[in-house]
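# Coordinate inspection notes
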Amino acid sequence: MDQRLLLMHQVMLADRPRLDAYDRALASVVTAGDVVADVGAGTLVLSMLALKHGAEHVYAIEADPAMAAVAERIVADNGLRDRVTLVQGDARTAKLPQPVDVIVSEMMGNLGPEEQMVEILGSVARRNLRPGGAIVPRRLTTHLAAIQFDEEGWGMWGDVVPGYRFDSVQEFVEPQPQLHFFQREPRFLTEPVLLSDDPITPASTSRPHREMRLPVRRDGCLQAVMGYFTAELAEGEPLSNYPSYPGCNWAVWVWPLRHTAVAAGDEIRVTVDVPRGRGQVRDATAWRLDCGIVRRP
Ligand SMILES: C[S@@+](CC[C@H](N)C(=O)[O-])C[C@H]1O[C@@H](n2cnc3c(N)ncnc32)[C@H](O)[C@@H]1O
């Protein structure tokens, strides 16, 4: 088995705020006797939370055969064969033996949309969710903001050693994202602006806005555009990868830019180019950003 897969699930299980948020959301949504679909079930942790809150049966759908084999062992080890049915395959084509009351899933990418959770859950819901059933999460939004780092990450290409310059390295930058865990709050040069805002319903298909305008609200050095997601798991239960928190398993997406002075009243125009080819949408490095500055007259 690919050990990176195990490591990925280990890191996700260690993200306590993530699990606590799902625990609270499922407590508010699942009622005793419910049938639940856990989409992208992995180690079955969300299935177990659903059972804890009274679900009678869980259909756990997992596309990755190696991960499904691990999940099968977890079902057996916990004596859950009569309460958890493992379905190995792509959730987009899964037709479950009965309608479910609740769909739960955690397929948020670092930016939000790149794991295609909105489309996948929409498709699962159309075929399997009873009318009026609940989906956790019920909304996924992604914001972009222009930032100046607090002397970390891509903000480092200045004078690291006093008297010596590294700034020409910026000329080598490509408009593709880096993943960054903020140790210190960056300086927001613009308000966060919505890239996408998708309710997750049986009618869901995702459509990020491609061209965006970010008005600069304070003077500073433009160093990057960052993107982060917020998933509304249930009423009043948001889960976001920004601000970064201890144990957070998601980095924040950062498109590095040549360091450029900007002033309040300027406008940053951004176009996000989402790759169209099969499977490419999942490749974070293929999401390119074109960025231009319109100076205040
Ligand atoms: C981010 S992990 C979450 C795992 C687990 N639910 C948790 O919360 O720890 C997403 C899982 O979804 C699976 N997955 C991705 N796309 C899928 C699809 N189309 N159908 C079923 N499973 C999928 C992946 O193999 C992975 O195990």
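The rules we used
Residues numbered from 1 in each chain as written. Predicted model: local features only at pLDDT ≥ 70, side-chain atom pairs only at ≥ 80, totals over all residues. Heavy atoms only, no water. Helix = DSSP H or I, 4+ residues; strand = E, 2+ residues; numbered from the N terminus. Buried < 20%, exposed > 50% of the residue type's maximum accessible area, 1.4 Å probe, protein only. Contact = heavy atoms within 4.5 Å. Areas by Shrake-Rupley, 256 points an atom, 1.4 Å probe, with all protein chains shown as cover. Lys, Arg positive; Asp, Glu negative; His and termini not counted. Charge placed at Lys NZ, Arg CZ, Asp CG, Glu CD. UniProt positions renumbered as here; feature names shortened; annotations may be inferred. Core = buried A, V, L, I, M, F, W, Y, C linked by side-chain atoms within 4.5 Å. Domains from an automatic or database assignment. Phe/Tyr/Trp six-rings, centres within 6.5 Å; stacked < 30°, edge-to-face > 60°. Near = heavy atom within 4 Å. Polar contact = N/O pair within 3.5 Å; in protein donor to acceptor, adjacent residues only side chain to side chain.

### Re the overall build of the chain
The secondary structure content of the chain amounts to five helices and 15 strands. Viewed in the frame of its principal axes, the chain has a C-alpha envelope of about 70 × 35 × 35 Å. Looking at the 297 residues of the chain, the share that counts as buried comes to 49%. A separation of at least 24 residues holds for 78% of the contacts in the chain among residues at least 6 apart in sequence. For the chain, the computed accessible surface area is about 14200 Å², with 52% contributed by carbon and sulfur atoms. Side chains of the chain give 31 positive and 39 negative charges; the mean places of these two sets differ by 3 Å.

### Things to note about the UniProt feature "domain: Ribosomal RNA adenine methylase transferase N-terminal" (unreviewed entry) in the chain
Within the UniProt annotation, "domain: Ribosomal RNA adenine methylase transferase N-terminal" (unreviewed entry) is assigned to residues 21-141. Span residues 21-141 is 35% helix and 27% strand, its end C-alpha atoms 17 Å apart.

### Regarding the nonpolar core
In terms of nonpolar packing, the biggest core is built from 58 residues, with Y22, V39, I103, M108 and V136 touching the most fellow members. Two domains each donate at least three residues to this core, and these are domain 1 (3-106) and domain 2 (140-294). When sequence neighbours within four positions are dropped, the list of residues in contact with V39 reads I61, A91, I103, V104, S105, E106, M107, I120, L121 and V124. Within the second largest apolar cluster, 22 residues are counted, among which are L144, A146, V225 and V274.

### Considerations on the packing of aromatic side chains
Inspection of every chain in the model, using the stated rule, returns nine aromatic pairs. When the centroid spacing of 6.4 Å and the interplanar angle of 50° are considered together, the rings of W157 and F166 count as tilted. Under the relative-accessibility criterion, W157 is labelled partly exposed at 27%. A ring pair is formed by F182 and Y242, whose centres lie 5.6 Å apart and whose planes are at 85°; its orientation type is edge-to-face. Of this pair, F182 sits in the loop between β7 (178-180) and β8 (187-188) while Y242 sits in the loop between β12 (237-240) and β13 (252-262); the two residues are 60 residues apart in sequence, bridging distant segments of the chain. Comparing F182 with Y242 shows no difference in burial state: the two are buried. Members of the aromatic cluster, connected to one another through ring pairs, are F149, F182, F188, Y228 and Y242.

### Focus on the site of the ligand
The local shell around the ligand holds 19 residues, among which R18, G40, E62, D90 and A91 are the closest. Contact distances for the ligand include 3.1 Å between a nitrogen atom and a backbone N or O atom of A63. At a separation of 2.9 Å, a nitrogen atom of the ligand approaches a polar backbone atom of A91. Out of a free accessible area of 600 Å², the ligand has 92% covered by protein chains.

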